[in-house]
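Here is how the chains run, residue by residue.
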Amino acid sequence: MNEIAPFESKAADSVMEAVNLAQSYAVARGMFAKPATVKAVNGISFRLAPRSTLAIVGESGSGKSTLARMLTMIERPGTGSLLLDDVDVADADKATLRRYRGEVQMVFQNPYGSLNPRQTVGKAIEEPLLVNTNLSAAERHARAVDMMARVGLRPEHHGRYPHMFSGGQRQRIAIARALVLRPKILVLDEPVSALDVSVRAQVLNLLVELQQGLGVAYVFVSHDLGVVRHMADEVLVMYLGRAVEHGPRDAIFDAPRHPYTRALLSATPMADPEAKKERIVLEGELPSPFNPPKGCPFNPRCPLVVERCRQEMPPLERKGEQLVACWVAQ
Ligand SMILES: Nc1ncnc2c1ncn2[C@@H]1O[C@H](COP(=O)(O)OP(=O)(O)OP(=O)(O)O)[C@@H](O)[C@H]1O
Ligand SMILES: [Mg+2]
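Owing to the predicted nature of the structure, the values given are computational and were not obtained by experimental measurement.

S.K.: Looking at this structure, how should I read the overall build of the protein chain?
M.R.: Along its length, the protein chain carries 11 helices and 12 strands. The C-alpha atoms of the protein chain give a radius of gyration of 21 Å, which matches the 20 Å a tight globule of 330 residues would have. If one aligns the C-alpha atoms of the protein chain with their principal axes, the spans along those axes are about 65 × 50 × 45 Å. Here the protein chain holds 330 residues, and 50% of them are scored as buried.

See below:
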């Protein structure tokens, strides 16, 4: 196992620390073939400062959702540690897990899937309180209505059903439900990708407001770099399950060093007329995760590839303000 130092956040304390998190899946490949192993996440480390936002970006299949499921303890990490308040919950017993489950909540891409169509909005938001606290029905109701107001829903919405709401409002309901236990950390997996462009900005601005009001930290998974630039304090770029670049937002956007980050950014239209446009077109597709290339996983698509990249995996090293895994990047 390669040791990767977590990115040193400026903040002294952290609400969550991931150390070398990894997850593999055995996948059947037909009757006669041996099952193959996919390393969906491979050695991810970071520290999340209180009230800050860490964005996780990367192409489809890079392992973002797998990482999100481990961070929320929906799935135990294959290896590595996940520290909450300096307690490792990666292989904690059930009682410890229960204690920490309320501190990390998740919002999914599709609010249809996360809301029960037969449950009223109010009951859906109160459910985590019913399961995790001893609050009375009246207290639960009051907390739910308070949280509904914070996300821009009205008290009379309490008795209505999810189908009576638009996609944007449904995502507000999902956010209220995730925040009602007052978690320290919210993991959001593509929270606005399924929404109409017209309501995306509203939901993103709501998330910014909620972070300031409630002091919650976000792990924000997105493939949309425009959104990430708006939301993130720090950015971690994943490629085939690994971190290839990780650092403060401005360093990543203004001075990206990994050729993959540069390619991602060059493909994203940014509202910055000053920026000189160096368009890098990535050749080929994401390699099969069953059979990742030897050496640097990005080498078959990399415009800067040298022989060493085909032989040895580059470690994640500090270059400038960020950490970069590349033999060639300056
Ligand atoms: N439960 C599972 N069983 C088998 N393979 C899985 C499982 N979950 C994820 N994978 C594989 O792990 C890799 C990473 O998947 P993951 O869903 O984490 O990527 P992602 O970055 O979230 O992609 P997307 O942007 O499409 O949501 C993929 O190759 C995927 O097929
Ligand atoms: Mg995903």
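Having seen the structure, we can now continue with the description.
S.K.: For this particular structure, what's the right way to read the sheet that holds strand S3 (residues 53-57)?
M.R.: What links the strands of a sheet is backbone hydrogen bonding, and the strands pair in either a parallel or an antiparallel sense. Spatial ordering of the open sheet is given by S6-S7-S8-S3-S9-S10-S12-S11, a layout of eight strands whose pairing is mixed. The two strands at the open ends of the sheet, each matched to only one other strand, are strand S6 (104-107) and strand S11 (317-319). Direction aside, the axes of adjacent strands within the sheet are offset by 20 degrees on average. Of the pairings in the sheet, the one linking S3 to strand S9 (residues 234-239) comprises four bridges and is parallel in character. In the strand pairing of S9, Leu-54 is matched with Glu-234. Contacts from helix H6 (residues 167-179) reach S6 and strand S7 (185-189) within the one sheet, and its direction differs from that of S6 by about 170 degrees. The strands that helix H7 (residues 197-214) touches are S3, S7 and strand S8 (217-221); relative to S8, the one it contacts most, it runs at about 155 degrees.

S.K.: What should I look at first to understand the packing of H6 against H7 in this one?
M.R.: When two helices pack together, their arrangement is captured by the angle between the axes and the distance separating the axes. Relative to each other, H6 and H7 sit at 20 degrees, their axes nearing to 10 Å. With respect to their mutual orientation, H6 and H7 come out roughly parallel. For H6 against H7, the interelement crossing comes out right-handed. Together, Gly-168, Arg-172, Ile-175 and Leu-179 of H6 and Val-199, Gln-202, Val-203, Leu-206, Leu-207, Leu-210 and Leu-214 of H7 make up the contact between the two elements. Considering only residue class, the contact of H6 with H7 consists of eight nonpolar, two polar and one charged.

S.K.: Explain the site of ligand 1 to me, please; I cannot follow it from the model alone.
M.R.: Around ligand 1, a shell composed of 14 residues is seen, among which Ser-60, Gly-61, Lys-64, Ser-65 and Thr-66 lie nearest. One of the backbone nitrogen or oxygen atoms of Gly-63 is found 3.0 Å away from an oxygen atom of ligand 1. Within the contact set of ligand 1, a nitrogen atom lies 3.4 Å away from a side-chain nitrogen or oxygen of Arg-69. Considering ligand 1 on its own, with 630 Å² of exposed area, one finds that the protein chains cover 63% of that surface. Those elements giving two or more residues to the shell around ligand 1 turn out to be strand S1 (16-27), strand S2 (36-48) and helix H1 (64-71). Residue contributions to the shell around ligand 1 peak at four residues, all from H1. For the shell around ligand 1, the per-class residue count stands at five nonpolar, six polar and three charged.

S.K.: Any chance you could explain the sheet that holds S2 here in plain terms?
M.R.: Taken together, four strands build an open sheet; the order of strands is S2-S1-S4-S5 and the sheet is antiparallel. Each edge of the sheet is formed by a strand with only one pairing partner; in this case those strands are S2 and strand S5 (87-88). As defined by bridge partners, S1 adjoins strand S4 (residues 79-84) across five bridges and the pair is classed as antiparallel. Of the residues in S4, the one forming a bridge with Ala-18 is Leu-82.

S.K.: Sorry, what's going on with the state of the cysteines here?
M.R.: Covalently bonding the sulfur atom of one cysteine to the sulfur atom of another cysteine gives a disulfide. A full pass over the atoms with the stated rule returns zero disulfides. Cys-302 carries a free sulfur, and the closest cysteine sulfur to it, the one in Cys-326, is 6.0 Å from it. Its relative accessible area of 15% is what places Cys-302 among the buried residues. Looking at Cys-326, the relative accessible area reads 9%, which means it is buried.

S.K.: Just checking my understanding: could you explain unusual backbone geometry for this structure?
M.R.: Phi at Asn-20 takes a positive value of approximately 50 degrees, unusual for a residue other than glycine. Secondary-structure assignment places Asn-20 in strand S1. For Asn-20, a relative accessible area of 5% gives the class buried.

S.K.: Honestly, the environment of Glu-285 in this entry has me stumped. Any pointers?
M.R.: By the element assignment, Glu-285 lies in the loop between helix H10 (259-266) and helix H11 (307-311). For Glu-285, a relative accessible area of 71% puts it in the exposed group. Separated by 16 residues in the primary sequence, Glu-285 and Arg-301 have C-alpha atoms spaced 7.9 Å apart.

S.K.: How do you make sense of the UniProt feature "domain: ABC transporter" (unreviewed entry) in the protein chain when you look at a structure like this?
M.R.: Under the present numbering, the feature "domain: ABC transporter" (unreviewed entry) in UniProt falls on residues 16-265. Here residues 16-265 is 39% helix and 26% strand, with 28 Å between the C-alpha atoms at its ends.

Here is what the cut-offs are and how they apply
Residues numbered from 1 in each chain as written. Chains lettered and ligands numbered in written order. Predicted model: local features only at pLDDT ≥ 70, side-chain atom pairs only at ≥ 80, totals over all residues. Heavy atoms only, no water. Helix = DSSP H or I, 4+ residues; strand = E, 2+ residues; numbered from the N terminus. Rg over C-alpha atoms; globule rule 2.2 N^0.38 Å. Buried < 20%, exposed > 50% of the residue type's maximum accessible area, 1.4 Å probe, protein only. Pairing = 2+ DSSP bridges. Axes fitted to C-alpha atoms, helices over the stretch in contact; angles between N-to-C directions. Contact = heavy atoms within 4.5 Å. Parallel < 35°, antiparallel > 145°, perpendicular 65-115°, else oblique. Left-handed = near helix turned anticlockwise from the far one by under 90°. Nonpolar A, V, L, I, M, F, W, Y, C, P; charged D, E, K, R; others polar. Near = heavy atom within 4 Å. Polar contact = N/O pair within 3.5 Å; in protein donor to acceptor, adjacent residues only side chain to side chain. Areas by Shrake-Rupley, 256 points an atom, 1.4 Å probe, with all protein chains shown as cover. Disulfide = S-S within 2.5 Å. UniProt positions renumbered as here; feature names shortened; annotations may be inferred.

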